[in-house]
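Each chain, written out:
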Amino acid sequence: MTDTATMLSTEPADDTLAAPGVSPRRAAWQRFVRYRLALPGAITLALLVLGALLGPLVWTVDPNVVDPAQYRKPPGPGHPLGTDSAGRDVLARLLVGARVSLAVGLAAALTATIVGILLGSLAGYLRGWVDALLNRISEVFQSFPTIIVIITVAAVMGPSLPGMIIIIGLMDWTGAFRVTRGLTMSLREQDSIQAVVGLGAPSSRVVLRHVVPAVLGPATVVATGMTGGVIMLEAALSFLGLGVPPPTASWGSMLNQAQSLSILEGMPWLWLPPGLAIAVTVLSVNFIGEGLRNAVDPKQGRR
């Protein structure tokens, strides 16, 4: 997705260093907006979040009310996006489903990033057997396909929203771990860190007060890219019936109805709204991630 986003960018490839007197925060913002799709992506994602929060308050139709008389009605008065196979309003379920899909993506990515930062900081700072052990553990987690593990857990314990967030978060921490570990190894040798160690500061204080804040920027980039992948993973699991339990709406569970050619060809209102919502959200998140990559790494814009 990053390569696609890069090809779509209309910004020049070269980046320049910030002018004298420009604050680091302002320089980072300039590098962020230099990637022209980053700001539209941020605005689009903000509108999606706003719609998820306020939409159900404006469109007050109950998304779970079953009405056989409204079976698969096309868009029209009273139902701007039509109704589904149970006679439920598609627009209401789309707005409520946005809360679920976005919450899963953000919460799971945040969980995975926190775990990755903490373990990566410990591995990079302590080195030795701690680093070797955590590296082996990360390799074990990488060897298991996340979706297979989640399907197995859902089959044994049943599908649930908190369970899906926890499992995804605990399975996807390896990306943040690798980035944090590498940066921590570099930070460990800097004079500022060595001075703090020389003053007798314990390792826990050095890691939490000096190492973790320094790696938050790059880790945020990893978390942003992870969010889009988690949203797609949740949609795939809900499409298979292993996501959030019914009748709770999510974009993936709405796509679950589009499993026949007749629906795909003749009833696009059943699958097109959630499909477009997923695509727009994932693209927006990836555009933001590319902008953050440029903001964190000034050399990125010159590649």
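Residues numbered from 1 in each chain as written. Predicted model: local features only at pLDDT ≥ 70, side-chain atom pairs only at ≥ 80, totals over all residues. Heavy atoms only, no water.

1. Considerations on unusual backbone geometry
Here R72, not a glycine, exhibits a phi torsion of approximately 50 degrees, which is positive. Its place among the elements puts R72 in the loop between α3 (38-58) and α4 (90-126). When its relative accessible area of 22% is taken as the criterion, R72 is described as partly exposed. The phi torsion at R127 lies on the positive side, around 55 degrees, for a residue other than glycine. (Helix = DSSP H or I, 4+ residues; strand = E, 2+ residues; numbered from the N terminus. Buried < 20%, exposed > 50% of the residue type's maximum accessible area, 1.4 Å probe, protein only.)

2. Details of the nonpolar core
V104, M164, I168 and V230 are the most contacted members of the largest nonpolar core, which has 19 residues in total. Looking at this core, the elements that each hand over two or more residues are α4, α5 (128-143), α7 (161-171) and α10 (203-239). Take this core: its biggest share by element is 6 residues, from α4. Those residues in contact with M164 that lie beyond four places of it in its chain are V104, E234, L237, G243 and V244. The next biggest cluster of nonpolar side chains, apart from the first, holds 17 residues, and it includes A52, L102, I263 and A277. (Core = buried A, V, L, I, M, F, W, Y, C linked by side-chain atoms within 4.5 Å. Contact = heavy atoms within 4.5 Å.)

3. A few points about the packing of α4 against α7
The geometry of α4 relative to α7 is characterised by a closest axis approach of 7 Å and an angle of 35 degrees between their N-to-C directions. When you trace α4 past α7, the crossing you get is right-handed. Judged by residue contacts, V100, A103, V104, A107, A108, T111, A112 and V115 of α4 engage L161, M164, I165, I168, G169 and L170 from α7. Of the residues belonging to the contact of α4 with α7, the class tally is 12 nonpolar, 2 polar and no charged. (Axes fitted to C-alpha atoms, helices over the stretch in contact; angles between N-to-C directions. Left-handed = near helix turned anticlockwise from the far one by under 90°. Nonpolar A, V, L, I, M, F, W, Y, C, P; charged D, E, K, R; others polar.)

4. Remarks on the side chain of T184
Mapping T184 onto the fold places it in helix α8 (residues 174-188). Judged by its relative accessible area of 0%, T184 is buried.

5. Re the pattern of salt bridges
Taken as a whole and assessed by the stated rule, the structure comprises 5 salt bridges. One connected set of salt bridges, linked through shared partners, spans D84, R88 and R93. (Salt bridge = Lys/Arg side-chain N within 4 Å of Asp/Glu carboxyl O.)

6. Focus: the packing of aromatic side chains
For the structure on display, the rule yields 3 aromatic pairs. With a centroid separation of 5.7 Å and an interplanar angle of 25 degrees, the aromatic rings of W29 and F32 are classed as stacked. Here F32 and W29 lie together in helix α2 (residues 24-34), a separation of 3 residues that amounts to about one turn. Residue class for W29 comes out partly exposed when judged on its relative accessible area of 46%. Relative accessible area serves as the criterion here: at 8%, F32 is assigned to the buried category. When the centroid spacing of 5.5 Å and the interplanar angle of 85 degrees are considered together, the rings of W173 and F177 count as edge-to-face. The pair W173 / F177 is uniform in exposure class, with both members buried. One aromatic cluster is present, formed by F141, W173 and F177 through successive ring pairs. (Phe/Tyr/Trp six-rings, centres within 6.5 Å; stacked < 30°, edge-to-face > 60°.)

7. A look at the packing of α4 against helix α13 (residues 272-296)
At a closest axis distance of 10 Å, the pairing of α4 and α13 adopts a crossing angle of 30 degrees. Helix-helix and strand crossings are classified by hand; for α4 and α13 the assignment is right-handed. Contact residues: α4 offers V90, L94 and L102, while α13 offers P273, P274, A277 and T281. Across the contact of α4 with α13, the residue classes tally to 6 nonpolar, 1 polar and no charged.

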